[in-house]
Amino acid sequence: MPLHQAISHLVTRRRGLMWLIVALLAGISIFVLVTRMKLDSEVLNLLPSGFESVEGLKVYNRDFAQVRELTFALSVQPGDVEELEEFAPEFAEMLRQQPWCARVLAGSPLETPEGMRDLQGMAVPLLLNLDPPAFHETIALLQPERIRERLQRLREEIEAGSPRPQFELELDPLGVIAPALRPFAENATVEDDQPLASPDGTLRIFMVVTNQPTLSAFDSHRLMEAVNAFRVEAQKGWEGAGPLEVLVTGRSAYVAEISLSMRHDIIVTVIGSIVLVGGVFFIGFHRWLPLIGMGFSLLLCCLVALAAGLLIFGELNMVTVGFCAILIGLGVDFAILIFGKYQQARDDGFDHTAAVGEAVRNLGRAIFFGALTTAVGFLALLLANSPGFTQLGVLIAIGIFLAGLFMMTVFFLFVPAINVRERRHWLFSAVKNYVVWTVRKPAIMLWIFVPVLLLLTAIAISPWPPLIFDASTRSMEPKESDAGHALHTIMNKMPERWEPAIGIVRSENVQQLHDQWQKVAAHWGALQQAGKIRSFSTPAALALSPRRLEANRTSLGAVDLAAARQALETAVAEEGFSAESFAPGFALLDGLAVAAQPGSELPDWRTLLPKSSSWWFLVDRYFSHDPLLTTGFVTTHAPITTQAQNEMLEREMPVEGVPLTLSGWSFTLADLVPWSQRQLIVISALMAIFEAGLLALLYRDWRLWLIQVLSLAFAVTAMIASMKLLAIPLNLLNVLAFRLVLAVGVDYGIYVLLVWQKAREVEHDVAGVIKPVILAGLTAIAGFGSLGLANNPTLAGLGIACALGIFWSLACTVFFTLPATAAWEPKAWREASGRRPEEMEDV
């Protein structure tokens, strides 16, 4: 039994078996979705793998505690600057009282007594980590006569009325803490590169580390619910004349927004696609049961494909949520084509079973090749090396083949055996009249449409207007993002606070960590002096050297610390100072005495800092959970936006002998621009070559092949011209739309030209296929266009670009491919137009 007859028999005579198969597929798929559903909100998974900058960014986001940091900002009107100064300490204290807050940075730790006391506790290991000449110079200050001279000088300066000596007595009575902390303080330039107040005083920043258990979407959402409640409560204490805007941004804020955005996108895009696609189908056929059957078949496709995706990948990301809307827009093409042919067969006198077989026989080959080209187009997303788009490509490839299969089987379970003859309406009449007119006078249509295509082609290849390419971080943010609004408000009011480039170093041991950062700090310092970078900061001061520590401990053993302590006690008494105010000095001498003992173990400096210390903001900036994984920062003279800046940093920042990974959000996005351009040109060209070969194999007629290739070329250039004229930007990811347009747009020409090759009667065959092709194109446009409703700009941009491309593919098929084919073979069409319907031989 031929395949089309077997399918016809199964769906019309063995309906119980078919429903059992459908129930099993649906049940298994739902079980997989319920038990394994996991959404990945990591935006970095949209970026291609294999780039050092991308992998570095993933390491930084995964392993550094700074990712649990939230940035709060208070923004006021210019007239409320003084009120903001008064309110800022109250706000900081309110933050510290929150149960989700671990610590707060409201100003430079160097400017607070608590910050200086915390540093005093770290003085011993930092002092021993000085290079030997600096250590010997500093430790010489502990000689008894030097101590007496220092205290005498400080007493005289105090009596003269100077406030500075009192500060020195409280924080560094022996004069050795300042030299020990100098390398550390030089890297603590929080206010220099990352200021906490805007120049006009209308914005204040507070950095908060949360105690969020994980960075999962659930924990981020729960945290942000508490944070948003705090924002509302904090505004109640504001007494300024104008409003107070409490802004917050950070990774947890973005993760929470993206997870909610994904749910919104799933609902909105699927419902929008169903409504638009269903509306087009009903307008075309005025049938309710087939419409329900189409929706059921597409739902089954989505369920099975999503279940397969979860089994293959384990989780679904933010781009994959647009899969259902895309599949609905593409899969309905098969329903429209197959039902159009079925209805035509019924009108020609076939019974229900025979009409099903006739529809499958006539369009099965076209649907297979249409599904093949579309699936290959989406599988080409694997070449992007992006985990997110890999999932999207695989799921749609699976779904599109399932759609082709289900529309030739499951769909017919909803088609009644009793035929209701389709009432001719304006759409079919318009299509029929257009086909007849175009076939008889193709030159007129070509003279009208070809100049339009040539004009659009000229616009596409000309440098003006330019094609906008957006490689900024904003292109990756959700629409109407509160976190994004906060970030851009901060950047606008504090333009010097742009993101630095980061250099990540993974060392094998503590000594290597010290040596590597000493080299990096020296090299970056030379770059700064040469004017190639604005500033830099490294963990060099906190990367202790075991060799230095041991050498300096040996030198320390030769110092008479007992005599130093006795000299300090005597000088304090002689100069009339209080012994209590010199407690930090005595504690330092005790610590040095312990360190000088052979075999004693130096405490880890991390254990010396209180957990609530503001210095942890600096430490966490440099050190990951693994102390041997560290990072440094380089600030350029302007935000990193161009490939030239990237190339300069890649050329200048590396240090010989140090495995340095360059990354950072702005750096990475600029680094991916060449990759994106390759995706646009090279991969799209490979897709075009594949389709050209497939069309040659399919048509085996160089004239039809040439017409189809020209039609595709015109569609792509018209798409580019439209994006230029409408100022629709390309970004790093929606450049993938071009290959998808090539994959989807070619189907319409295949449907028309395969019918053309075997057609015997114009009105019956070509007019009969043009109507379903137009409806199929409109549903595909609706499916992709519904993605424009998504909050995710990557998904929305991909949908809008694809909708534009498919529109021009459909237009080129109807207004170029058909008249060009008729013009090339006019005799064949005159002969065909004289045949009777019963002499028809379909494809």
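Residues numbered from 1 in each chain as written. Predicted model: local features only at pLDDT ≥ 70, side-chain atom pairs only at ≥ 80, totals over all residues. Heavy atoms only, no water.

Caption draft 1: Fine view of the overall build of the chain. For the chain, the helix and strand inventory stands at 34 helices and twelve strands. Over its C-alpha atoms the chain spans a radius of gyration of 36 Å, topping by over 25% the 28 Å that the globule rule assigns to 843 residues. For the chain, the C-alpha atoms occupy an extent of roughly 125 × 60 × 50 Å along the three principal directions. For the chain, the residues scored as buried account for 58% of the 843 residues in total. Taking the contacts inside the chain whose residues are at least 6 apart along the sequence as the reference set, 83% of them involve residues at least 24 apart. When the accessible area of the chain is evaluated, it comes to approximately 34700 Å², of which 62% is carbon and sulfur surface. A distance of 15 Å separates the average location of the 63 positive side-chain charges in the chain from that of its 81 negative side-chain charges. (Helix = DSSP H or I, 4+ residues; strand = E, 2+ residues; numbered from the N terminus. Rg over C-alpha atoms; globule rule 2.2 N^0.38 Å. Buried < 20%, exposed > 50% of the residue type's maximum accessible area, 1.4 Å probe, protein only. Contact = heavy atoms within 4.5 Å. Areas by Shrake-Rupley, 256 points an atom, 1.4 Å probe, with all protein chains shown as cover. Lys, Arg positive; Asp, Glu negative; His and termini not counted. Charge placed at Lys NZ, Arg CZ, Asp CG, Glu CD.)

Caption draft 2: Spatial organisation of the pattern of salt bridges. According to the stated counting rule, one finds 19 salt bridges in the structure shown. Arg-103 serves as the salt-bridge partner of Asp-620, at 2.6 Å between the closest nitrogen and oxygen. Of the two residues, Asp-620 is situated in helix H26 (residues 615-622) and Arg-103 in strand E3 (residues 101-105); the sequence distance between them amounts to 517 residues. Here Asp-620 matches Arg-103 in class, with each residue buried. (Salt bridge = Lys/Arg side-chain N within 4 Å of Asp/Glu carboxyl O.)

Caption draft 3: Looking closely at the packing of aromatic side chains. What the rule picks out here adds up to 30 aromatic pairs. Every member of this aromatic cluster is reached through a ring pair, and the members are Phe-72, Phe-87, Phe-91, Trp-100, Phe-206, Phe-230 and Trp-238. Across from the ring centre of Phe-623, 4.8 Å away, lies the NZ or CZ of Arg-606, which sits over that ring. Just above the ring of Phe-633 sits the side chain of Arg-621; from NZ or CZ to the centre is 4.2 Å. (Phe/Tyr/Trp six-rings, centres within 6.5 Å; stacked < 30°, edge-to-face > 60°. Lys NZ or Arg CZ within 6 Å of the ring centre and 35° of its normal.)

Caption draft 4: Representation of the pairing of E3. Burial within E3 is extensive, with four of its five residues counted as buried. Pairing of E3 with strand E4 (residues 203-210) involves four bridges; the strand directions are antiparallel. Looking at the pairing, Cys-101 lines up with Thr-210 of E4. (Pairing = 2+ DSSP bridges.)

Caption draft 5: Quick peek at the state of the cysteines. This model, assessed by the stated rule, comprises zero disulfides. Counting only cysteine sulfurs, Cys-802 is the nearest neighbor of Cys-812, a cysteine outside any disulfide, at a range of 16 Å. (Disulfide = S-S within 2.5 Å.)

Caption draft 6: Seen up close, the sheet that holds strand E2 (residues 69-75). Spatial ordering of the open sheet is given by E3-E4-E2-E5, a layout of four strands whose pairing is antiparallel. Looking along the sheet, the strands with just one partner apiece sit at the ends: E3 and strand E5 (245-250). On average, each strand axis in the sheet is tilted by 25° relative to the strand beside it, whichever way the strands run. Two elements, E2 and E4, share seven bridges in a ladder whose sense is antiparallel. Considered in E4, the bridge of Phe-72 is made with Phe-206. (Axes fitted to C-alpha atoms, helices over the stretch in contact; angles between N-to-C directions.)

Caption draft 7: Just empty space enclosed by the protein, in detail. One pass over the full model with this rule turns up five cavities of 30 Å³ or more. Its volume calculated, the largest cavity comes out at about 80 Å³. Broken down by element, the residue count for the lining of the largest cavity peaks at five residues, all from helix H32 (residues 762-785). Considered class by class, the residues forming the lining of the largest cavity number five nonpolar, four polar and two charged. (1 Å grid on protein atoms, 1.4 Å probe; cavity = no way out; pocket = protein on both sides within 12 Å on 5 of 7 lines; lining within 4 Å. Points joined across faces, edges and corners; volume = space filled by probe spheres on them. Nonpolar A, V, L, I, M, F, W, Y, C, P; charged D, E, K, R; others polar.)

Caption draft 8: Representation of the sheet that holds strand E8 (residues 501-506) in the model. Spatially, four strands are ordered E9-E10-E8-E11 in an open sheet, and the strand pairing comes out antiparallel. The two strands at the open ends of the sheet, each matched to only one other strand, are strand E9 (535-537) and strand E11 (660-663). Strand-to-strand twist of the sheet, defined as the mean angle between neighbouring strand axes without regard to direction, takes the value 20°. Pairing of E8 with strand E10 (residues 629-635) involves six bridges; the strand directions are antiparallel. If you follow Gly-503 over to E10, its bridge partner there is Gly-632.

Caption draft 9: Quick peek at helix H14 (residues 288-313). Look at H14: 37 Å from first C-alpha to last across 26 residues, which is about the 38 Å you get at 1.5 Å a residue. One or two positions beyond H14, positive phi appears at Gly-314, with a value near 90°. (Expected span 1.5 Å × (residues − 1).)

Caption draft 10: Just helix H30 (residues 702-725), in detail. With 24 residues, H30 extends 34 Å between its outermost C-alpha atoms, agreeing within 8% with the 34 Å of an ideal straight helix rising 1.5 Å per residue. The opening residue of H30, the one whose side-chain oxygen lies 3.0 Å from the backbone nitrogen of Arg-703, is Asp-701. At the exit of H30 stands Ala-727, carrying a positive phi of roughly 55°. (Polar contact = N/O pair within 3.5 Å; in protein donor to acceptor, adjacent residues only side chain to side chain.)

Caption draft 11: Representation of the packing of helix H18 (residues 426-440) against helix H19 (residues 442-461). Contact geometry of H18 with H19 gives a least axis separation of 5 Å together with a crossing angle of 95°. The angle between the axes of H18 and H19 places the two elements in the roughly perpendicular class. For the pair formed by H18 and H19, the contact residues are Tyr-434, Trp-437, Thr-438, Val-439 and Arg-440 on the first element and Pro-442, Ile-444 and Met-445 on the second. By residue class, the composition of the contact of H18 with H19 is six nonpolar, one polar and one charged. (Parallel < 35°, antiparallel > 145°, perpendicular 65-115°, else oblique.)

Caption draft 12: Region of the structure containing the side chain of Thr-249. When you line up the elements, Thr-249 lands in strand E5. We classify Thr-249 as buried; its relative accessible area is 6%. Side-chain polar atoms of Thr-249 contact the backbone oxygen of Ala-483, separated by 3.1 Å. If we ignore the near neighbours within four places in the chain, the residues touching Thr-249 are Leu-70, Thr-71, Tyr-254, Ala-483, Ala-486, Leu-487 and Ile-490.

Caption draft 13: Highlighting the environment of Tyr-699. Within the fold, Tyr-699 resides in helix H29 (residues 673-699). A relative accessible area of 3% places Tyr-699 in the buried class. Sequence separation of Tyr-699 and Ile-750 is 51 residues, and the distance between their C-alpha atoms is 8.8 Å. Setting aside residues up to four positions removed in sequence, Tyr-699 forms contacts with Leu-704, Trp-705, Gln-708, Gly-749, Ile-750, Leu-753, Leu-754 and Gln-757.

Caption draft 14: Local environment of a negative patch on the surface. A cluster of acidic residues, Glu-82, Glu-83, Glu-86, Glu-90 and Glu-239, forms a negative patch on the protein surface. Following the sequence through the fold, Glu-239 ends up in the loop between helix H12 (217-234) and E5. Assessed through its relative accessible area of 76%, Glu-239 is described here as exposed. (Patch = residues over 30% accessible without salt bridge, like charges linked within 9 Å, V, L, I, M, F, W, Y side chains within 5 Å.)

Caption draft 15: Layout of the domain arrangement of the chain. Per the domain assignment, the segments of the chain are domain 1 (108-191 + 551-613) and domain 2 (431-475 + 667-770 + 793-843). The C-alpha centroid of domain 2 is placed 77 Å from the C-alpha centroid of domain 1. (Domains from an automatic or database assignment.)

Caption draft 16: How the structure looks around a nonpolar patch on the surface. Together, Leu-17, Leu-20, Ile-21, Leu-24, Leu-25 and Ile-28 line one region of the surface with nonpolar side chains, adding up to about 520 Å² of accessible area. With respect to the secondary-structure elements, Ile-21 resides in helix H2 (residues 15-36).

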